[in-house]
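Structural overview
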Amino acid sequence: MNCNIRIGLGHDTHRLESGGPLRLGGIDIPFDKQAVGHSDADVLLHAITDAVLGAAALGDIGEFFPDTDPVNLGRDSAEMLSAAVDALHSAGYTIVNIDCVVLAERPKLLLHRQAIRNRIAMLTQVDPQNVGLKGKTGEQTGALGRNEIIQAIVVCLISAHSQP
Ligand code: MG
């Protein structure tokens, strides 16, 4: 059965270590910790990329950009998301809206929320009004609460291109 509307889910976790700034949602946020990973470790763009790919069942970020490939070392996650959006468009879909939750004890996202929404909107070719972004803490529990990790959860709704 073909369906014009589909939904995708993405999730990602990265370790936080001393240093900074924190790359999140395609921008650099002043912070005394940075996320660690094979690429630029942008946990939010990784989760969005997986939500976009998952919505059209196109695979996942690890298949597109294996962390065993040296060419992906330090790669800008904006490139990965752009490639996923291109693949989605080629498959006949456009993004309707994206909703994101970032889980981190710190930093507070509110100051940076609009800048991140604008950047995500640019990369996914939607209006910023169609990008939701919320920050949640770990309520001082577990690895989240100790500020050892940062996580993101994202859903993405897509729609089939209308026929000419
Ligand atoms: Mg990741």
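Since the structure is predicted, the reported quantities are computational estimates derived from the model, not experimental observations. (Residues numbered from 1 in each chain as written. Predicted model: local features only at pLDDT ≥ 70, side-chain atom pairs only at ≥ 80, totals over all residues. Heavy atoms only, no water.)

1. Section: the coordination of the magnesium ion
Short version of the rule: Listed donor atoms are N, O and S within 2.8 Å of the metal (Na, K and Ca: 3.2 Å). As water is not included, a site may look incomplete. Categorising residues by exposure relies on relative accessible area from a 1.4 Å probe, with only protein chains included: less than 20% of the type maximum marks a residue as buried, more than 50% marks it as exposed, and the intermediate range marks it as partly exposed.
Donor atoms from the polypeptide that coordinate the magnesium ion comprise Asp 12 (OD), His 14 (NE2) and His 46 (ND1), at 2.1 to 2.2 Å from the metal. Between the donor residues of the magnesium ion, the gaps in sequence give the motif D-x1-H-x31-H. For Asp 12, a relative accessible area of 18% translates into the label buried. For His 14, a relative accessible area of 11% gives the class buried.

2. A short note on the sheet that holds strand E5 (residues 93-103)
In a beta sheet, neighbouring strands pair by backbone hydrogen bonds and run either parallel or antiparallel. Our working rule: For two strands to be treated as a pair, DSSP must find no fewer than two bridges joining them. By the criteria applied, helices consist of DSSP H or I runs no shorter than four residues and strands consist of E runs no shorter than two, each listed in order from the N terminus. Helix axes are fitted to C-alpha atoms over the stretch in contact, other axes to C-alpha atoms as well, and angles between N-to-C directions run from 0 to 180 degrees. Residue contacts are defined here by distance: any two heavy atoms, one from each residue, within 4.5 Å place the two residues in contact.
Here we have 5 strands laid out as an open sheet, ordered E4-E1-E7-E5-E6, and mixed in their pairing. Two strands bound the open sheet, and with one partner strand each, they are strand E4 (33-36) and strand E6 (131-136). On average, each strand axis in the sheet is inclined to that of its neighbour by 25 degrees, with strand direction left out of account. As paired strands, strand E1 (residues 5-18) and E4 are joined by 4 bridges and run antiparallel to one another. Bridge assignment links Arg 15 to a residue of E4, and that residue is Val 36. Across the sheet, helix H4 (residues 113-124) touches E5 and E6, and the angle it forms with E6 is around 140 degrees.

3. Quick look at the pattern of salt bridges
To keep it simple, the criterion reads: The term salt bridge refers to a pairing of a side-chain nitrogen on Lys or Arg with a carboxyl oxygen on Asp or Glu at a separation within 4 Å.
Tallying each qualifying case throughout the model produces 7 salt bridges. The residue Asp 76 makes a salt bridge to Arg 23 at a minimum N-O spacing of 3.7 Å. Placement of Asp 76 in the loop between helix H2 (61-64) and helix H3 (77-90) and of Arg 23 in strand E2 (residues 22-24) is noted, with a sequence separation of 53 residues between them. Given the relative accessible area of 24%, Arg 23 is considered partly exposed. With a closest N to O distance of 2.9 Å, Arg 146 and Glu 148 form a salt bridge. Given a relative accessible area of 34%, Glu 148 falls into the partly exposed group. Residues participating in the shared-partner salt-bridge network are Arg 23, Asp 28, Asp 40 and Asp 76.

4. Quick look at the pairing of strand E7 (residues 149-160)
Both E1 and E7 contribute to a ladder of 11 bridges, which runs antiparallel. Looking across to E7, one finds that His 11 is bridged to Ile 153. Here 10 bridges tie E5 to E7, and the two strands are oriented antiparallel to one another. Directly across from Val 101, in E7, lies its bridge partner Ile 153.

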